[in-house]
Amino acid sequence: MLALFTGAVLCGNTAVEDVTAWVHAAPQEVLAAAGCRRSALGARVPPHPDTVARLFAALGAQALASHAGAYLARRAHPGPVAFPLAGPGWLPAIAVDGKACGVRPARTGSSRTLLAAAVHGTRAVIAERLIGPKTNEVPEFAPLLRELNEYYPTATFVPEA
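Conventions we followed
Residues numbered from 1 in each chain as written. Predicted model: local features only at pLDDT ≥ 70, side-chain atom pairs only at ≥ 80, totals over all residues. Heavy atoms only, no water. Salt bridge = Lys/Arg side-chain N within 4 Å of Asp/Glu carboxyl O. Helix = DSSP H or I, 4+ residues; strand = E, 2+ residues; numbered from the N terminus. Buried < 20%, exposed > 50% of the residue type's maximum accessible area, 1.4 Å probe, protein only. Core = buried A, V, L, I, M, F, W, Y, C linked by side-chain atoms within 4.5 Å. Contact = heavy atoms within 4.5 Å.

Q: Sorry if this is basic, but what is going on with the pattern of salt bridges here?
A: Opposite charge on two side chains makes pairing possible when the charged atoms of those side chains draw close. A full pass over the atoms with the stated rule returns one salt bridge. Its salt-bridge partner being Glu-140, residue Arg-129 comes within 2.9 Å of it at the nearest N-O pair. Residue Arg-129 is found in strand β3 (residues 125-131), and its partner Glu-140 is found in helix α6 (residues 138-151); the two are separated by 11 residues along the sequence. A relative accessible area of 17% means that Glu-140 is categorised as buried.

In structure tokens:
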């Protein structure tokens, strides 16, 4: 189901209703690739709209971002970093940046900010943290790096206290 949701979002559907409609209207090839079950007539059946809504309600944005980041981090893993280096070479590089996302709400006057870490070269976002409305990126930087330590146990991004 997450593959179907990702396909819907990549096609520009961001509201739950739009994602549900896209999943329901997805072609048989897409449903087959996502592993949807077959009906008695052999056609692929998309998930019921109530199932889509329940899954979105059960998924937390931060949990989903963490799991997706962990998956991408395992795929982009540069391997162990050993010091001193045997010869010249590049160390794995990760860029961390914060961006405002969404539309600025008229009533509160604040926007949501997302702090993300991406791997250079592949540009895969391997960790994200949603920044609260009453704070900034600085307090969330250390937890983001601690999360990266879980993905890359052979490299230390944050010194142990």
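Q: Is there a simple way to think about the nonpolar core in this case?
A: One broad trend across soluble globular proteins is that nonpolar side chains are buried collectively. The biggest cluster of nonpolar side chains holds 10 residues, and these are Leu-115, Ala-117, Val-119, Ala-124, Ile-126, Ala-127, Ile-131, Leu-144, Leu-145 and Leu-148. Broken down by secondary-structure element, the contributors of at least two residues to this core are β2 (112-119), β3 and α6. In contact with Ala-124, not counting residues within four places along its chain, are Leu-72, Ala-117, Ala-118 and Val-119.

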